[in-house]
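# Remarks on the overall topology
Okay, here's what each chain looks like letter by letter:
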Amino acid sequence: MPEYDSRALWETLMLEGFQAGLAWIVILRKRDAFRKAFKNFDPAKVARFGEADIARLLEDPGIVRSRAKIEATIQGARIFQAMQAAGEDFSTFVWSLLGGKPIQNTGPIQAKTQLSEEIPKTLK
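Procedures and definitions
Numbering of residues starts from 1 in every chain and runs along the sequence as written. Two thresholds apply to this predicted model, a pLDDT of at least 70 for residue-level local features and 80 or more for giving and counting side-chain atom pairs, whereas whole-chain, interface and lining totals are computed over all residues. Computation of side-chain values: all heavy atoms of the structure, hydrogens and water removed. Each helix corresponds to a stretch of at least 4 residues labelled H or I by DSSP, and each strand to a stretch of at least 2 residues labelled E; elements are numbered beginning at the N terminus. Here's how the labels work: a residue is buried when its accessible area is under 20% of the maximum for its type, exposed when over 50%, partly exposed in between, all with a 1.4 Å probe on protein chains only. Whether two residues are in contact is decided by their heavy atoms: any pair within 4.5 Å suffices. Throughout, the Shrake-Rupley method with a 1.4 Å probe supplies accessible areas, and for residues the shown protein chains are the sole cover considered. When charges are tallied, Lys and Arg are placed among the positive residues and Asp and Glu among the negative ones, while His and the ends of the chain are skipped. For charged residues, the charge sits on one atom: NZ in Lys, CZ in Arg, CG in Asp, CD in Glu. Whether two aromatic rings pair depends on their centres lying within 6.5 Å, for rings of Phe, Tyr and Trp, where Trp uses its six-membered ring; planes under 30 degrees apart make the pair stacked, over 60 edge-to-face, and the rest tilted. A ring is considered to have a charge above it if a Lys NZ or an Arg CZ atom is located within 6 Å of its centre and within 35 degrees of its normal. Within the patch definition used here, like charges are joined within 9 Å and nonpolar side chains (Val, Leu, Ile, Met, Phe, Trp, Tyr) within 5 Å, considering only residues with over 30% relative accessible area and no salt bridge. Salt-bridge detection follows one rule: a side-chain nitrogen of Lys or Arg within 4 Å of a carboxyl oxygen of Asp or Glu. To get an axis, fit a line to the C-alpha atoms, keeping to the stretch in contact for a helix; angles then go from 0 to 180 degrees between the N-to-C directions. Here is the rule for angles: anything less than 35 degrees is roughly parallel, anything more than 145 is roughly antiparallel, 65 through 115 is roughly perpendicular, and the remaining ranges are oblique. Crossing chirality is assigned from the near helix's rotation relative to the far helix, an anticlockwise turn below a right angle marking it left-handed and a clockwise turn marking it right-handed. In this classification, the charged set is Asp, Glu, Lys and Arg, the nonpolar set is Ala, Val, Leu, Ile, Met, Phe, Trp, Tyr, Cys and Pro, and all remaining amino acids, among them Gly, are polar.

## A short note on the overall build of the chain
In terms of regular secondary structure, the chain is built from 7 helices and 0 strands. Seen through its principal axes, the chain has C-alpha atoms that stretch 45 × 35 × 25 Å. The burial tally for the chain puts 30% of its 124 residues in the buried class. Partitioning the intrachain contacts of the chain with sequence separation of at least 6 by distance along the chain shows that 58% fall at a separation of at least 24. Put simply, the chain shows about 8,000 Å² of open surface, and 55% of that area lies on carbon and sulfur atoms. Where the 18 positive side-chain charges of the chain centre and where its 15 negative ones centre are 4 Å apart.

What follows is the structure in structure tokens.
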């Protein structure tokens, strides 16, 4: 089902970041621990994380303990907050990348498309 809630979409994007290089099942099994560690992926709370929080997260065996991924999540929360402050809705932004509607594949799924190349550049 398509998701339109900005916080839920941000959570998914952050979990995607933690999944990089790992099997999705690893992240799915740790999802509850991630939610607890990252304050239910509340961007306002995560944006305030500092060094003490990073140290706490690096010691948490329930999540993927990658400093780079943890710091990227905190920075992502800060960007989310900045977008909100500028009047930009994260959900609207994400859905605009897809023309406002879900993509329905009807044939073979390609490993790479023009869109799959454009989205990461836009997110950066």
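## Thoughts on the packing of aromatic side chains
Summed over the entire model, instances satisfying the criterion amount to 10 aromatic pairs. Both rings, one in F34 and one in F38, keep their centres 6.4 Å apart while their planes meet at 20°; by these two values the pair is stacked. We note that F34, like F38, is buried. Linked through ring pairs, W10, F18, F34, F38, F41, F49, F80, F90 and F93 together constitute an aromatic cluster. In this arrangement the basic side chain of R56 is found over the ring face of F49, its NZ or CZ atom lying 5.4 Å from the centre.

## Notes on the environment of A85
Take A85: it is sitting in helix α5 (residues 67-85). Overall, the relative accessible area of 71% leaves A85 in the exposed class. Each C-alpha atom, one on A85 and one on A23, is 35 Å from the other, the two residues being 62 residues apart in sequence.

## Details of the environment of I63
Following the sequence through the fold, I63 ends up in the loop between α4 (51-58) and α5. Using a relative accessible area of 3% as the deciding quantity, one classes I63 as buried. Sequence spacing of I63 and F38 is 25 residues, and the spatial spacing of their C-alpha atoms is 9.9 Å. Setting aside its immediate chain neighbours within four residues, I63 contacts K30, A33, F34, A37, F38, L57 and I70.

## Points about a positive patch on the surface
On the surface, a cluster of positive charge is made up of K36, K39, K45 and R48. Examined against the element boundaries, K39 turns out to sit in the loop between α2 (24-37) and α3 (43-46).

## A look at a nonpolar patch on the surface
On the surface, a nonpolar cluster with roughly 270 Å² of combined accessible area is contributed by W24, I25 and L28. In this structure, I25 sits in helix α2. Its relative accessible area of 44% is what places I25 among the partly exposed residues.

## With respect to the packing of α4 against α5
Interhelical geometry of α4 versus α5 gives an angle of 135° and a closest axis separation of 10 Å. On the basis of the axis angle, α4 is oblique to α5. Viewed along their axes, α4 and α5 form a crossing whose handedness is right-handed. On the side of α4, the interface is formed by E51, I54, L57 and L58, while α5 contributes R67, I70, E71 and I74. For the contact of α4 with α5, the residue count by class is 5 nonpolar, no polar and 3 charged.

From the geometry alone we can't say anything about function, so treat these as descriptive.
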